Amino acid sequence: MVQKYQSPVRIYKFPFELVMAAYQKRFPTCKMIPVFLGSDMLSEYHSEDGALEVIERRCRLAIDAPYLLKKIIGVDHVNFVQKNDLDRRSRTLDIDAYNESFSSRVQIKEHCSYRVHPENPNWTCFEQQASLDIKSFFGFESTVEKIAMKQYSHNIKKGKEVIEYYINELISEGVDYIRPWSLDGCEIKSPDMFLKTDDMNKSIEKDSACELELGATASSIDAEKSETMNLDTEYIERFLGKLTPVQESNLVRLRKWLQETHKGKIPRDTHILRFLKARDFNVEKAREMLCHSLAWRKLHSIDRLLDTYKPMQVLEDYYAGGWHYYDKDDRPLYILRLGQMDVKGLIKAVGEEGILKHVLFINEEGIRRAEKATRIRGHAVSACTCIVDLEGLSMRHLWRPGIKALLRIIETVEANYPETMGRLLIVRAPRVFPVLWTLISPFIDENTRKKFMIYGGNDYQGQGGLADYINPEFIPDFLGGDCYCDVPEGGLVPKCLYMFDDDNLDQSPNEPPLFADSIYHTAHVVKDFPHEILISVPERGCVITWDFDILKGDVTFTLLRCRKPIISEPHQHHVHGASGGIGSTQYVDKHMVVGIDLSIVQPPHVCRDGDSVQGSHVTSQSGHYILQWKYFNSARASQSFDFSLSSHKSKVMYYTEVLSSEDFRGSMTSLQSCQSSFSSLSIGTSPNINYSSR
């Protein structure tokens, strides 16, 4: 398996020419990198005007490996070939490197680039990509892979220190500015000419002002960084927290994949990072989990929840939970007095669906509060802390529909809000609690269970109790603190407020909608049986818009125009074992001929598992159009973990709308002119996807 690394952007707040001078000081040896034993020049080219410089070196690196492995392979160092392509005119340096030693067994490729910062010409950006492919290595493949990744991670961290060390060395020698290359007529101004004037001081003052301005901008937009921008290391540390180089790489890779496949808005970086953490930074597993969650959010309009949801009065009065200051790590603190809550009464008053929607609203509010804390506190806050007070918990809380609702809540939150809980403090746990814990703990992720702290009796008041995690002035009064807490006390819900009885509480459809008015539909696409939607366009100039997600498998998407009226009934194909969606509906039969009965308006486009696609077509003629999703056979489709879908089946969630020309605003990816939902977790949009009419 090929191991890949993609770095975030590293920013040096120095001009490109000064960074290049520091970079050159690394050769032929570098005292800052002990494993770098030296280098020999293989070839060298300089253009006549001094703008271009191409140098190829052979570099020797010591092997940081166990003694036994060194004896087996018979060498103490390995050779790498490095080619540097410096363009002083465009102020860029591209570095390509590959290994000479053991190249038939191990292939290591690396590409690095230095560029001028797009927003500040006096700063320099650095990016790095690498791949490691171990074909065979004397039976030590796994060991070599671990050694290589460990060494590479160390060198990445060391690389920035080296450049900054030599920059400081140059400055201490009196070299704090190097004139950029320029050509005036026939006169060549050497890049090695140093400038010591008042202009330099003005430039430094300008850079400082720019830095303050950019810092203020970063503080205002925080995690709402446009997905068209690359992540940089300072941004990651400030708004996402400290990550290892490999973790940074996996974040950059997953984010880049989302940019390429989700043509609408992609989630904020904090949201992507949560899913990576939940899957131990395994990119493929995190991608699959995140794509399912994004489709779930879209299907149930979760992104509108904070703006549209208003709790029923019975929840305001009897749901014993609320927000209460922060913990010692600046995480938002939520108090839940579960023992005082009439779970049975609440479910009979608002239903399981109402309780679930209320909990999701609380989770959405928690994410918003964590982002606000990140902006205010000056460091990354990505999770919340919860105190669950169980005083009053009894067997009446172990009511069957209540346990069923709790398990559904746990399942939904685990799948869609991973790593949003920093700590869960359960206090005043009674004797009946072990029974409840036995029922629910198998459904809680192992990493989440590790965040649980359980206190029986008054243990929460002593050493190692709440005061270890919450400042004493914020401990609620009902838990022995001095802080007034206005969380509702709960109590019995009056029976006059009941809307459900015991019979309809047991009715549980396969996929109960969180919002009854969801505009999205799901369909299964089977081999040889496409799913098609017939669209009626009243006049030319109307715009057909579509928004769909590939939930499972791969498909091709095609837009067709009917040259002749559709007179036959569509073919309905039932999909065996399908749940939560319909089978395929087919209008195009085998007797129809392209060019006679149909015109291809939008050619077939392959859409992969997890893709989110938005697009539009401005019609040149009125009449009927067909949106067609057809099963696409690929090796990836068989890797789906959804066992309800066998091979030769895919699943699509879609929404389409026809807009009059005056209603279409020209921005399909933002879909401002229709109802389709996109994640409010992101601020930016990708370039438009507007297909011209044919």
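The structure under discussion appears in the preceding block.
What you see is a predicted model, and the numbers here were worked out from it, not measured in a lab.

Caption draft 1: Structural context of the overall build of the protein. Within the protein one finds 15 helices and 26 strands. Across the 694 residues of the protein, 52% fall into the buried class. Long-range pairs, those at least 24 residues apart, make up 75% of the contacts in the protein with a sequence separation of at least 6. Of the roughly 33600 Å² that the protein leaves accessible, carbon and sulfur atoms contribute 51%.

Caption draft 2: Fine view of the sheet that holds strand β15 (residues 452-456). The 5 strands are arranged β11-β12-β13-β14-β15 in an open sheet whose pairing can be described as mixed. Since the sheet does not close on itself, it has two edges, and those belong to β11 (321-326) and β15, each with one partner. With strand direction ignored, the average angle separating the axes of adjacent strands in the sheet is 20 degrees. Pairing of strand β13 (residues 384-389) with strand β14 (residues 421-429), which is carried by 6 bridges, proceeds in the parallel orientation. Residue pairing for β14: C384 is matched across the bridge by M421. Contacts from helix α11 (residues 343-377) reach β11, β12 (332-336) and β13 within the one sheet, and its direction differs from that of β11 by about 10 degrees.

Caption draft 3: Inspection of the packing of helix α6 (residues 245-261) against helix α7 (residues 269-278) at higher detail. In contact at an axis separation of 10 Å, α6 and α7 are set at 115 degrees when each is read in the N-to-C sense. Of the two possible hands of crossing, α6 and α7 adopt the one that is right-handed. Residue-level inspection shows N250, L251, L254, R255 and L258 of α6 in contact with α7, the latter providing D269, I272, L273 and L276. Considered class by class, the residues forming the contact of α6 with α7 number 6 nonpolar, 1 polar and 2 charged.

Caption draft 4: The arrangement of helix α1 (residues 16-24) in detail. Counting buried positions along α1 yields 7 of 9 residues, so the element is predominantly enclosed. What α1 keeps buried is the set F16, E17, L18, V19, M20, A22 and Y23.

Caption draft 5: Region of interest: unusual backbone geometry. Omega for the bond connecting F27 with P28 falls within 30 degrees of zero, at 0 degrees, which places this linkage in the cis form. Mapped onto the fold, P28 is located in the loop between α1 and β3 (36-46).

Caption draft 6: Up close: the environment of L333. Of note, L333 is situated in strand β12. Looking at L333, the relative accessible area reads 0%, which means it is buried. Sequence spacing of L333 and A383 is 50 residues, and the spatial spacing of their C-alpha atoms is 9.6 Å. Sequence-distant contacts of L333, defined by excluding residues within four places in its chain, comprise G322, W323, H324, Y325, Y326, D327, T385, C386, I387 and I470.

Caption draft 7: The arrangement of the pairing of strand β6 (residues 92-99) in detail. Of all 8 residues in β6, 6 are buried, a share of seventy percent or more. Note: strand β5 (residues 77-87) against β6, 8 bridges, orientation antiparallel. Bridge assignment links F80 to a residue of β6, and that residue is N99. Direction of pairing for β6 relative to strand β7 (residues 106-116): antiparallel, over a ladder of 6 bridges. Across the sheet, the residue bridging to D94 is S113, located in β7.

Caption draft 8: Looking closely at the packing of aromatic side chains. Under the counting rule described, the total for this entry stands at 18 aromatic pairs. Summarising the aromatic geometry, the rings of Y165 and Y166 are spaced 5.2 Å apart at their centres and angled 75 degrees between planes, so their arrangement reads as edge-to-face. Since its relative accessible area comes to 31%, Y165 is described here as partly exposed. If you follow K13 out to its NZ or CZ, it ends over the ring of W123, 5.4 Å from the centre. One Lys or Arg, R377, reaches over the ring of Y326 and ends 4.5 Å from the middle of that ring.

Caption draft 9: Expanded view of the nonpolar core. Counting 48 residues, the largest nonpolar core has V314, L315, Y319, L346, I355 and I426 as the members making the most contacts within it. If you list the elements that add at least two residues to this core, you get α10 (313-318), β12, α11, β13, α12 (400-416), β14 and α13 (433-440). Core analysis: the second largest hydrophobic core is formed by 27 residues, L18, I167, L170 and I178 among them.

Caption draft 10: View of the pairing of strand β4 (residues 52-62). Note that β3 and β4 share 9 bridges and pair antiparallel. Within β4, the position partnered with E44 by the bridge is I55. Examined bridge by bridge, β4 and β5 share 11 bridges and lie antiparallel to one another. Following the sheet pairing, I55 is matched in β5 by N84.

Caption draft 11: Structural detail: α6. Compared with an ideal rise of 1.5 Å per residue, which puts 17 residues at 24 Å, α6 spans 24 Å between its outermost C-alpha atoms and is within 8% of the ideal. Taken as a whole, α6 has its buried residues at P245, E248, S249, N250, L251, V252, L254, R255, W257, L258 and T261.

Caption draft 12: Examining the pattern of salt bridges more closely. Inspection of every chain in the model, using the stated rule, returns 31 salt bridges. Its salt-bridge partner being D269, residue R255 comes within 2.6 Å of it at the nearest N-O pair. With R255 in helix α6 and D269 in helix α7, this pair connects stretches of sequence that are 14 residues apart. Residue R255 is classed as buried on the basis of its relative accessible area, which comes to 3%. Judged by its relative accessible area of 2%, D269 falls in the buried class. Residues D547 and K298 are paired through a salt bridge, measuring 3.1 Å at the closest nitrogen-oxygen approach. Linking D547 in strand β18 (residues 543-552) with K298 in helix α8 (residues 283-299), this pair joins segments that are 249 residues apart in sequence. Residue class for D547 comes out buried when judged on its relative accessible area of 1%. Accessibility expressed as a relative area gives 5% for K298, which makes it buried. Linked through salt bridges whose partners overlap, the residues forming this network are D327, D329, R331 and R423.

Calculation criteria
Residues numbered from 1 in each chain as written. Predicted model: local features only at pLDDT ≥ 70, side-chain atom pairs only at ≥ 80, totals over all residues. Heavy atoms only, no water. Helix = DSSP H or I, 4+ residues; strand = E, 2+ residues; numbered from the N terminus. Buried < 20%, exposed > 50% of the residue type's maximum accessible area, 1.4 Å probe, protein only. Contact = heavy atoms within 4.5 Å. Areas by Shrake-Rupley, 256 points an atom, 1.4 Å probe, with all protein chains shown as cover. Pairing = 2+ DSSP bridges. Axes fitted to C-alpha atoms, helices over the stretch in contact; angles between N-to-C directions. Left-handed = near helix turned anticlockwise from the far one by under 90°. Nonpolar A, V, L, I, M, F, W, Y, C, P; charged D, E, K, R; others polar. Phe/Tyr/Trp six-rings, centres within 6.5 Å; stacked < 30°, edge-to-face > 60°. Lys NZ or Arg CZ within 6 Å of the ring centre and 35° of its normal. Core = buried A, V, L, I, M, F, W, Y, C linked by side-chain atoms within 4.5 Å. Expected span 1.5 Å × (residues − 1). Salt bridge = Lys/Arg side-chain N within 4 Å of Asp/Glu carboxyl O.

As far as function goes, none of this settles anything; it's purely spatial.
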